2 protein chains.
Amino acid sequence: MNLIPEPSVERLLSLTRLLDHLDVQFITSSEIESRTGWSSNTIRKDISYIEGSFASPVGYDRQKLATAIKSTLGLDKVQRFCVVGLGRLGSAYLHYSVFREEGYELVAGFDSSVNRIEILHSPVPLYPAYKMGEVISRFQITLALLCVPPEEAQKTAERLVTAGIKGIINFAPVVLQVPEGVHVRNVNVVDELRAISATIQCS
Amino acid sequence: MNLIPEPSVERLLSLTRLLDHLDVQFITSSEIESRTGWSSNTIRKDISYIEGSFASPVGYDRQKLATAIKSTLGLDKVQRFCVVGLGRLGSAYLHYSVFREEGYELVAGFDSSVNRIEILHSPVPLYPAYKMGEVISRFQITLALLCVPPEEAQKTAERLVTAGIKGIINFAPVVLQVPEGVHVRNVNVVDELRAISATIQCS
């Protein structure tokens, strides 16, 4: 467990994506600066949080640095997650094969409609919503994709937190209130449309 | 058309969401600072880009400011968009009613499989992919949700740009290369899972 400020975590995540796509053996902090726009001071500070040996006189060893960042950020461990709410969007994610390739194992889907669960074809075991607590704790699931209708999002989030979920990707267009120690990221296509139309308008 | 730096656009978008959820008549830049963490200098600078009369001796008029921001960012106009790639994710968005409530009109769906188009039930007109250019130009569509498989994303993006699309929300886990003047925003659930597990690990 390392205490790393959230903006540094975000930059380090982007940095691993950059490093994974480069085709060089070594990279310096000024080369990273010219590709990302972050100052080399910021970059060196961020990398100072990472444990491992990846520095050399000619720069950072690209692969070793990427591996060390992933290890420090815990991205090298398989994480179990569930999908809650099996409407069109939630059930689409049941079939998304990229999760497993990237180290995320989808182990359960939940829906309040038992009928829906019986009808859906799914490569992942499905459960009625009232079994959420039991299943999440049995499989030690820590992450959830929340795909329920907006009016059910807050109370479902509370049940997930009670069951032991530490991170929620929220697809409902509402701001969730969660206790400290639980993390939420919002995926909102309308917000993305707004951001992109505003950028087009103002550039 | 106003030239506003992209970070200011992003903050102004968040600010409209904040303002829409508040229940006060007036708000000062220091009150905004305490709710957002942005310095009041930054806030005043951002707001200086906005045209309209919303300032008063006791602060900004909340509703007038929100309206003025939306108008300057072009969010008060209905924008037409299309969905390209009608697999599980793309076809889920055909049924998403929030778009229209928020001023985004989904006017067309495209898929390379004519068979798929005939099978799908859709409230939105569907077209085979070869009609993309014609339909996008006829309906003056400027935005697209790109939901095709990763290996088709780049070439489909190029066809969209040729057809006149200025903004792409990209759901494929690939980095799109687009010409200047075309804007891309990536929605990547795996990246969100990574960000949230890294935040849990490091906090």
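A quick note: this is a predicted structure, and the numbers were derived from the prediction, not measured.

Peer 1: Mind laying out the overall build of chain A, listing which residues take part and the relevant values?
Peer 2: Helix and strand counts for chain A come out as ten helices and nine strands. Structurally, chain A occupies a C-alpha span of about 60 × 45 × 35 Å along its principal axes. Buried residues in chain A amount to 51% of all 203 residues. Summarising the internal contacts of chain A: among those between residues at least 6 apart in sequence, 57% fall at separations of at least 24. Accessible surface, chain A: about 10000 Å² in total, of which carbon and sulfur atoms supply 49%. Counting 20 positive and 22 negative side-chain charges, chain A places the averaged centre of each group 2 Å from the other.

Peer 1: I'd love a proper account of the packing of aromatic side chains, names of residues and values included.
Peer 2: Per the stated rule, a full pass over the model turns up 14 aromatic pairs over all chains. The interplanar angle of 80° and the centroid separation of 6.0 Å between the aromatic rings of Y93 of chain A and Y96 of chain A together place this pair among those described as edge-to-face. Its relative accessible area of 4% is what places Y93 of chain A among the buried residues. An angle of 40° between the planes, with centres 5.4 Å apart, marks the rings of Y93 of chain B and F171 of chain B as tilted. Residue Y93 of chain B is found in helix α5 (residues 88-93), and its partner F171 of chain B is found in the loop between β8 (167-170) and β9 (183-186); the two are separated by 78 residues along the sequence. Owing to a relative accessible area of 6%, F171 of chain B belongs among the buried residues under this scheme. One aromatic cluster is present, built from ring pairs that chain together F81, Y93, Y96, F99 and F171 of chain A.

Peer 1: Pulling in residues and values, what's your account of helix α10 (residues 189-202) of chain A?
Peer 2: Residues and elements named next belong to chain A. Spanning 14 residues, α10 covers 20 Å between terminal C-alpha atoms, matching the ideal 20 Å at 1.5 Å per step. Within α10, 13 of the 14 residues are buried, which leaves the element mostly enclosed by the surrounding structure. Its side-chain oxygen 3.0 Å from the backbone nitrogen of V190, N188 forms the N-cap of α10.

Peer 1: How would you sum up the pairing of strand β7 (residues 143-146) of chain A? Please name residues and give values.
Peer 2: Residue and element names in this part refer to chain A. Of the two faces of β7, the one lined by L143 and L145 and the one lined by A144 and L146 are each fully buried. Where strand β4 (residues 79-84) and β7 come together, four bridges link them in parallel fashion. Bridging from a neighbouring strand, F81 pairs with L143 of β7. By the bridge criterion, four bridges tie β7 to strand β8 (residues 167-170) in an arrangement that is parallel. Directly across from L146, in β8, lies its bridge partner N170.

Peer 1: Before we move on, can you summarise the interface of chain B and chain A with the specific residues and values?
Peer 2: Contact with chain B, which involves 52 residues of that partner, is made by 52 residues of chain A. At the boundary of chain B with chain A, total buried surface from both sides reaches about 5200 Å², with 69% on carbon and sulfur atoms. For the pair chain B and chain A, the number of links is six salt bridges. For R194 of chain B, the salt bridge identified is with E102 of chain A, shortest N-O distance 2.3 Å.

Peer 1: I'd like a description of the UniProt feature "binding site: NAD(+)" (unreviewed entry) in chain A, backed by residues and values.
Peer 2: UniProt tags G85, L86, G87, R88, L89 and G90 of chain A as "binding site: NAD(+)" (unreviewed entry). By the secondary structure assignment, G85 of chain A is in the loop between β4 and α5 (88-93). For G85 of chain A, the residues in contact, after removing those within four places along its chain, are G90, F110, D111, C147 and V148 of chain A. Setting aside anything within four residues of it in sequence, one finds L89 of chain A in contact with F171 of chain A together with L89, A92 and Y93 of chain B.

Peer 1: With reference to specific residues and values, describe the nonpolar core.
Peer 2: Residues L145 of chain A together with L145 of chain B are the most contacted members of the largest nonpolar core, which totals 96 residues. The residues contacting L145 of chain A, other than those within four sequence positions of it, are F81, C82, V83, V84, Y93, F99, I169 and F171 of chain A together with V189 and L193 of chain B.

Peer 1: Give a description of the state of the cysteines that names residues and reports values.
Peer 2: Enumeration according to the criterion identifies zero disulfides over all chains in this entry. A disulfide-free cysteine, C147 of chain B has its sulfur positioned 9.8 Å from the sulfur of C82 of chain B, the nearest such atom.

Peer 1: Could you give an account of the sheet that holds strand β3 (residues 59-61) of chain A, with specific residues and numbers?
Peer 2: Residues and elements named next belong to chain A. With antiparallel pairing, three strands are arranged side by side in an open sheet as β1-β3-β2. The open sheet has two free edges, formed respectively by β1 (26-27) and β2 (55-56), since each of these has just one partner strand. Bridge count for β1 against β3 is two bridges, and the pairing is antiparallel. Bridge pairing links I27 to Y60 in β3.

Peer 1: Mind laying out the pairing of strand β4 (residues 79-84) of chain B, listing which residues take part and the relevant values?
Peer 2: All names here are of chain B. Counting buried positions along β4 yields five of six residues, so the element is predominantly enclosed. Sheet topology places β4 next to strand β5 (residues 104-111); six bridges connect them, and they run parallel. Residue pairing across strands places F81 opposite L106, the latter belonging to β5.

Peer 1: Describe the packing of helix α1 (residues 6-21) of chain A against helix α3 (residues 40-48) of chain A, with residues and values.
Peer 2: In a pair of packed helices, the angle between the axes and the distance between the axes together describe the arrangement. All names here are of chain A. Where α1 contacts α3, the axes come no closer than 10 Å and their chain directions differ by 95°. Comparing their axes, α3 and α1 come out roughly perpendicular. Here α1 contributes S8, R11, L12 and L15 to the contact with α3, which in turn contributes T42, D46 and I47.

Procedures and definitions
- Residues numbered from 1 in each chain as written.
- Chains lettered and ligands numbered in written order.
- Predicted model: local features only at pLDDT ≥ 70, side-chain atom pairs only at ≥ 80, totals over all residues.
- Heavy atoms only, no water.
- Helix = DSSP H or I, 4+ residues; strand = E, 2+ residues; numbered from the N terminus.
- Buried < 20%, exposed > 50% of the residue type's maximum accessible area, 1.4 Å probe, protein only.
- Contact = heavy atoms within 4.5 Å.
- Areas by Shrake-Rupley, 256 points an atom, 1.4 Å probe, with all protein chains shown as cover.
- Lys, Arg positive; Asp, Glu negative; His and termini not counted.
- Charge placed at Lys NZ, Arg CZ, Asp CG, Glu CD.
- Phe/Tyr/Trp six-rings, centres within 6.5 Å; stacked < 30°, edge-to-face > 60°.
- Expected span 1.5 Å × (residues − 1).
- Polar contact = N/O pair within 3.5 Å; in protein donor to acceptor, adjacent residues only side chain to side chain.
- Pairing = 2+ DSSP bridges.
- Buried area = accessible area lost by both parts, 1.4 Å probe.
- Salt bridge = Lys/Arg side-chain N within 4 Å of Asp/Glu carboxyl O.
- UniProt positions renumbered as here; feature names shortened; annotations may be inferred.
- Core = buried A, V, L, I, M, F, W, Y, C linked by side-chain atoms within 4.5 Å.
- Disulfide = S-S within 2.5 Å.
- Axes fitted to C-alpha atoms, helices over the stretch in contact; angles between N-to-C directions.
- Parallel < 35°, antiparallel > 145°, perpendicular 65-115°, else oblique.

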